[in-house]
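Descriptive analysis of the structure
Next come the chains, spelled out residue by residue.
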Amino acid sequence: MRTLLAMAALLLQDPFKIPETKPGEKGWENYVEAPVYDAEKAKDLAPGLDSPESAVVHFYASRLRGDAKWKEALPPEEKWSESLKRKLAELDTWSFQKMQLVGRKKKNDSAWYIKIYIEIEIDGKKDKGKDDATVEKI
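Let me sum up the structure you'll find in this document. Nothing here was measured: the structure is a model prediction, and the numbers come from that model.

**Here we look at the overall build of the protein chain**
- The secondary structure content of the protein chain amounts to 3 helices and 6 strands.
- Along the protein chain, helices (α) and strands (β) appear in the sequence α-β-β-β-α-α-β-β-β when read from the amino end.
- Counting the 138 residues in the protein chain, one finds 31% classified as buried.
- Nonlocal contacts in the protein chain, meaning residues at least 24 apart in sequence, comprise 47% of its contacts between residues at least 6 apart.

What follows is the structure in structure tokens.
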């Protein structure tokens with residue numbers, strides 16, 4: 001019975017789909033009707049690393065939930081640059097509230113810029129805005 005319930009829950013889960021895009025400015029493609037994720041919507045969301053979009057959503061869904069699955073979207077820790085370590089230390093002080101894919105721009109054959117919208121809380125103060133993530137296939 002438990003197995004059937006678990007299978008039913010998986011079937012009801014909305015799988016991650018890369019949103020459609022439309023042309024934007026300066027080489028950017030803007031996502032059309034991309035979902036907004038919060039902790040509840042990210043509860044069972046782990047889309048993997050098959051695309052730049054899924055890797056970014058995988059990383060931020062983990063941050064929304066407060067678990068450590070975000071590390072799966074990064075190179076092994078021993079390969080982290082000092083810059084990445086500083087950025088991650090800063091992110092550790094943030095409480096992520098919402099995220100949404102905004103746009104993408106190809107950097108080169110193996111890398112993309114992904115623009116996201118995020119809402120965060122730092123020391124009880126809420127903030128929101130857009131940020132870019134660079135996703136590189138390694």
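So, next bit.
**A short note on a positive patch on the surface**
- On the surface, Lys41, Lys98, Lys126 and Lys128 cluster together into a patch of positive charge.
- Note on placement: lysine 41 falls in the loop between β3 (36–38) and α2 (52–65).
- Exposure remark for lysine 41: the relative accessible area of 55% places this residue in the exposed category.

**What about unusual backbone geometry?**
- Despite not being glycine, lysine 26 shows a phi value in the positive range, around 55°.
- Inspection of the secondary structure assignment puts lysine 26 in the loop between β1 (21–23) and β2 (29–31).

**With respect to empty space enclosed by the protein**
- Throughout the structure, instances matching the rule amount to 1 cavity of 30 Å³ or more.
- Approximately 30 Å³ is the volume found for the largest cavity.
- Residue classes in the lining of the largest cavity are distributed as 6 nonpolar, no polar and 1 charged.

Calculation rules
- Residues numbered from 1 in each chain as written.
- Predicted model: local features only at pLDDT ≥ 70, side-chain atom pairs only at ≥ 80, totals over all residues.
- Heavy atoms only, no water.
- Helix = DSSP H or I, 4+ residues; strand = E, 2+ residues; numbered from the N terminus.
- Buried < 20%, exposed > 50% of the residue type's maximum accessible area, 1.4 Å probe, protein only.
- Contact = heavy atoms within 4.5 Å.
- Patch = residues over 30% accessible without salt bridge, like charges linked within 9 Å, V, L, I, M, F, W, Y side chains within 5 Å.
- Areas by Shrake-Rupley, 256 points an atom, 1.4 Å probe, with all protein chains shown as cover.
- Salt bridge = Lys/Arg side-chain N within 4 Å of Asp/Glu carboxyl O.
- Lys, Arg positive; Asp, Glu negative; His and termini not counted.
- Charge placed at Lys NZ, Arg CZ, Asp CG, Glu CD.
- 1 Å grid on protein atoms, 1.4 Å probe; cavity = no way out; pocket = protein on both sides within 12 Å on 5 of 7 lines; lining within 4 Å.
- Points joined across faces, edges and corners; volume = space filled by probe spheres on them.
- Nonpolar A, V, L, I, M, F, W, Y, C, P; charged D, E, K, R; others polar.

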